[in-house]
Protein chains: 2
Amino acid sequence: MSTRRAPARPPRGRRPAGVDTRADIVAAARTAFAEAGYQATSMRHIARRAGVDPSLVHHYFDGKAALFAEIVQIRVDPAVVVQAIVDGDPDRVGERAVRSFFEVWDSAEQRPLFAALLRSALADEHAARTLREFLAEEVFGRIVLQMRPAGASAPTQLSAAEAQRAGLAAAQMSGMALMRYIIALPALADAPAEELIPPLAHTMQRYLVSEGDEEYISSDDE
Amino acid sequence: MSTRRAPARPPRGRRPAGVDTRADIVAAARTAFAEAGYQATSMRHIARRAGVDPSLVHHYFDGKAALFAEIVQIRVDPAVVVQAIVDGDPDRVGERAVRSFFEVWDSAEQRPLFAALLRSALADEHAARTLREFLAEEVFGRIVLQMRPAGASAPTQLSAAEAQRAGLAAAQMSGMALMRYIIALPALADAPAEELIPPLAHTMQRYLVSEGDEEYISSDDE
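As the structure is a computational prediction, the values presented were derived from the model and not from experiment. (Residues numbered from 1 in each chain as written. Chains lettered and ligands numbered in written order. Predicted model: local features only at pLDDT ≥ 70, side-chain atom pairs only at ≥ 80, totals over all residues. Heavy atoms only, no water.)

### Some details on the packing of aromatic side chains
Inspection of every chain in the model, using the stated rule, returns ten aromatic pairs over all chains. Three or more aromatic residues joined by ring pairs form one cluster here, namely A:Phe101, A:Phe102, A:Trp105, A:Phe114 and A:Tyr181. (Phe/Tyr/Trp six-rings, centres within 6.5 Å; stacked < 30°, edge-to-face > 60°.)

What follows is the structure, given as structure tokens:
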């Protein structure tokens, strides 16, 4: 799940690689993305801010998208968030998922990063893949898997119907992010989260937790 | 609802203004946007393609966003689509809304234009406003208004709760557009529309048609 590579001998850089070099790069990238957005931030810019040679940034990270994903993952560890969503009353999984969403997006600190991720995913195929995999594999797919009814086969891989339900959940919440925070539809942008949580929680509960029969999805799995 | 201006005397251009000049500009813009996307298409480019002076394009249209909105409106007249959605069995308004969505987005001819509109709305505040107003006023707000329960006050303006429901509907469908057609989440991108229609129709029915009590939305309207 982590995009970290095993520590390896770094190439020659402007300064010797210490144990904190990687952390310094991540910290520099976090600030750079938040200030300038995804598109305008280059690996070279991040290197300069971290005070390291650009080759060192490329040594630790496959590219800008990988570095960005790392930052998102560091700030909001999806495994921890998902666990908090699936633990507890199974009838309130939808509500907990929606509350987690608003905690991230209504946070002045985290919103710019997630907004940059969403914008970049529309402009850049690498970022689109990052977001796609993040949402499908780390977030909604994982919740659907964990919420399989007792007696179902052990959670390993999603069925086609389960993957569709995870996709519907991703569509509902990414659309809310788009309309509330980026397009800024007044009725959503101006509403307190507490007013939006109940109807969204209802929808997300239906998408994330099977009612056992998958009645509304064709059963042609696979 | 139309962005057309009254015909007026055009400024001097490379050729005399005929009755078809405006239509020629619209046709040229349609092709240019579809081929090059919103961002890469300039007013000058459209003028060259239409064989007119750029000043003539600016005479008829306030800017690129206005021209783009005009094209979207010409191809998919929201008033006609909304009427077809609200007419008929009120319990299937959600389903008709979702089917209309897939008719537009699964059309090879129309999808590029709507995808360009969505992309541009993330990059450009003019385009964001166009999309915002289009979705809130012409599409979902209008459906919610028309579906007011009998006996409610005559349809004129949305209450805060109604505007929120329209916004939730816009969020669900724009998120589906984002995830199925732009981010291309495999579970959604690869699914036949018929498999996605039932769960989406269920959600949209709840958002678009009040159950009379607005039970899940705070009643602090206004």
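On we go from here.
### Brief notes about the packing of helix H5 (residues 78-86) of chain A against helix H6 (residues 93-105) of chain A
Residues and elements named next belong to chain A. At their nearest, the axes of H5 and H6 sit 8 Å apart, and the two run at 145 degrees to each other. Judged by the twist between their axes, the crossing of H5 over H6 is right-handed. Along its contact with H5, which presents Val81, Ala84, Ile85 and Val86, the element H6 presents Val93, Arg96, Ala97 and Ser100. Looking at side-chain class alone, the contact of H5 with H6 contains six nonpolar, one polar and one charged residues. (Axes fitted to C-alpha atoms, helices over the stretch in contact; angles between N-to-C directions. Helix = DSSP H or I, 4+ residues; strand = E, 2+ residues; numbered from the N terminus. Left-handed = near helix turned anticlockwise from the far one by under 90°. Contact = heavy atoms within 4.5 Å. Nonpolar A, V, L, I, M, F, W, Y, C, P; charged D, E, K, R; others polar.)

### Points about the nonpolar core
As a rule of thumb, soluble globular proteins bury nonpolar side chains together. Counting 139 residues, the largest nonpolar core has A:Phe102, A:Phe140, A:Leu208, B:Phe102, B:Phe140, B:Met179 and B:Leu208 as the members making the most contacts within it. Leave out the neighbours within four places in its chain, and A:Leu208 touches A:Val93, A:Gly94, A:Ala97, A:Phe140, A:Ile143, A:Val144, A:Met147, A:Arg165 and A:Ala169. (Core = buried A, V, L, I, M, F, W, Y, C linked by side-chain atoms within 4.5 Å. Buried < 20%, exposed > 50% of the residue type's maximum accessible area, 1.4 Å probe, protein only.)

### A few points about helix H7 (residues 111-123) of chain A
Across its 13 residues, H7(A) extends 19 Å between first and last C-alpha, which sits within 8% of the 18 Å expected from 1.5 Å per residue. Those residues of H7(A) not exposed but buried are A:Leu113, A:Phe114, A:Ala115, A:Ala116, A:Leu117, A:Leu118, A:Ser120, A:Ala121 and A:Leu122. (Expected span 1.5 Å × (residues − 1).)

### Examining the relation of the copies chain B and chain A
Under the fitted operation, chain B is carried onto chain A by 0.0 Å of movement along the axis and a turn of 180 degrees, and the coordinates agree to an RMSD of 0.1 Å. Classification of the inter-copy transformation places it as that of a two-fold axis. In terms of proximity to the rotation axis, the leading residue of chain B is B:Gly175, whose C-alpha is 1.8 Å off the axis. (Least-squares fit on C-alpha atoms with pLDDT ≥ 70 in both.)

### What about the interface of chain B and chain A?
Residue-level contacts link 42 residues of chain B with 42 residues of chain A. Across the interface of chain B and chain A, roughly 3,500 Å² is buried in total on both sides, 68% from carbon and sulfur atoms. On the surface where chain B and chain A come into contact, there are zero salt bridges. The tally of links from chain B across to chain A stands at 14 residue pairs in polar contact (both at pLDDT 80 or more). Those elements that provide at least two residues to the side of chain B that touches chain A are helix H7 (111-123), helix H8 (125-146), helix H9 (160-182), helix H10 (186-189) and helix H11 (193-208) of chain B. Looking at which element gives the most residues to the side of chain B that touches chain A, the answer is H9(B), with 13 residues. Residues of the side of chain B that touches chain A, tallied by class, amount to 30 nonpolar, eight polar and four charged. (Buried area = accessible area lost by both parts, 1.4 Å probe. Salt bridge = Lys/Arg side-chain N within 4 Å of Asp/Glu carboxyl O. Polar contact = N/O pair within 3.5 Å; in protein donor to acceptor, adjacent residues only side chain to side chain.)

### A few points about the packing of H7(A) against helix H8 (residues 125-146) of chain A
All names here are of chain A. One can describe the packing of H7 onto H8 by two numbers: an axis separation of 6 Å at closest approach and a directional angle of 125 degrees. Here H8 runs oblique to H7, going by the angle between their axes. In terms of crossing hand, the pair formed by H7 and H8 is left-handed. From H7, Leu117, Leu118, Ser120, Ala121 and Ala123 reach across to H8, where they touch Glu125, Ala127, Ala128 and Leu131. Residue composition of the contact of H7 with H8, by class: seven nonpolar, one polar and one charged. (Parallel < 35°, antiparallel > 145°, perpendicular 65-115°, else oblique.)

### Concerning the confidence of the model for chain A
Residues and elements named next belong to chain A. In the predicted model, chain A carries a mean pLDDT of 82, and 81% of its residues have values of at least 70. Predicted confidence is poor over residues 215-222, with pLDDT under 50, and the contacts of this stretch with residues over four places away or in other chains come to 16 contacts. Both scores are available for the predicted complex, with the pTM at 0.72 and the ipTM at 0.72. (pLDDT = per-residue confidence, 0-100.)

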